Amino acid sequence: MWWTGEMSVTEHPPAQPALRLYRDTGAKPSMGLHPNGVNHLALSTTDMKTQLTFFAEVLGCPTRALYWMHGVPNTYHGFVELADDSYIAFVQAPGNPTEPIWGVTHSGNAGDPVTAGTMQHLALNVDSIDDVLTMRDRIRSHGIQVLGPLDHGMIQSIYFAGPEGLSLEVCTGRDIDERQWIDPDVQRLCGISTDELQALTTPAGFERPDEPVAQPAYDESLPQMHYPAPVRTHLMGMPDADVWKNLSESTPPVALD
Ligand SMILES: [Fe+2]
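The structure contained in this document is the topic of the report that follows. All of these numbers come straight from a predicted model, not from anything done at the bench. (Residues numbered from 1 in each chain as written. Predicted model: local features only at pLDDT ≥ 70, side-chain atom pairs only at ≥ 80, totals over all residues.)

So, on to the sheet that holds strand β8 (residues 166-172). Read from one edge to the other, the open sheet built from four strands follows the order β5-β8-β7-β6, with strand pairing classed as mixed. One side of each edge strand has no neighbouring strand; the edge strands of this open sheet are β5 (122-125) and β6 (147-151). Ignoring which end each strand starts from, the neighbouring axes of this sheet average 25° apart. Of the strand pairs in this sheet, β5 and β8 are connected by four bridges, and their pairing is parallel. Within β8, the position partnered with Leu-124 by the bridge is Val-170. (Pairing = 2+ DSSP bridges. Helix = DSSP H or I, 4+ residues; strand = E, 2+ residues; numbered from the N terminus. Axes fitted to C-alpha atoms, helices over the stretch in contact; angles between N-to-C directions.)

Structural data, given as structure tokens:
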């Protein structure tokens, strides 16, 4: 296990130029750069085969990877493809709890409560209402009950369940106009002022600096990845170059000729 067993004996390699180590061209993207999609949403499973089978048979999503999860002992990672840059990535660890606690770990449907910070439901995209209807029929042809479609104005949706309590949706829609879809009543309930809303709808840009920004000091008032404190201190204190060099596992499990 890379983040515990080797902790006290990690040998840091000599400093290397960051540009070479990161295959970094030094290019400066647009100041409007922001994440442009979900590359993979990782969902916990206790039955990898059932999840991969559901996504392949019921939804038509091909399995693209199934391998030992890097740096995590005894844990599988399985990727099903939504698009060529978008996947659902199941994680099967030996200690994963098996029973949902409705309203705590799982919502069970697209409207019920669940613990803050966990997934309420997962909406998968298709390109048209005909595609939504085709998915409705495909899902029902496997005996799975589907609610919908229904029209939310900005998107049209169907709702159904997946294995292990997944709450799923398939929908179509794009280019949401915030002038129509930000309700002043809800804005007020959220405590968002007019100026704050302006900042939310037009976020500040960011120019890539000439030199990398140093790791900030630990601040308990800010979000932190959850690790035992000594592990977190060790990991967050590692130079980026050491993380890249020592923790990367880039070789696929199967070599092609
Ligand atoms: Fe939704």
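Now that the structure is up, let's keep going.
In summary, soluble globular proteins display a tendency toward joint burial of nonpolar side chains. Judged by nonpolar contacts, the single largest core of 20 residues is most densely connected at Phe-55, Ile-88 and Ile-158. Contributions of two or more residues to this core are made by α2 (48-57), β3 (76-83), β4 (86-92), α3 (129-141), β7 (156-162) and β8. Discounting chain neighbours no more than four positions away, the residues touching Phe-55 are Cys-61, Val-80 and Ile-88. (Core = buried A, V, L, I, M, F, W, Y, C linked by C-beta atoms within 7 Å. Buried ≥ 20, exposed ≤ 12 C-beta atoms within 10 Å, placed from the backbone. Contact = placed C-beta atoms within 7 Å.)

Glancing now at the environment of Met-225. Along the polypeptide, Met-225 turns up in the loop between α6 (194-201) and α7 (229-237). The class of Met-225 is exposed, set by 8 C-beta atoms lying within 10 Å. In this structure, the C-alpha to C-alpha distance between Met-225 and Leu-150, residues 75 residues apart in sequence, is 38 Å.

Our focus in this paragraph is the sheet that holds β4. Overall, mixed pairing links the four strands, which are arranged β1-β4-β3-β2 in an open sheet. The open sheet terminates on both sides in strands that have one partner only, identified here as β1 (40-44) and β2 (63-68). Across the sheet, the mean angle from the axis of one strand to that of its neighbour is 20°, orientation sign disregarded. Here β2 runs beside β3; their pairing, made up of five bridges, is antiparallel. Looking across to β3, one finds that Leu-66 is bridged to Gly-78. Contacts from α2 reach β2, β3 and β4, with the element oriented near 10° to β3.

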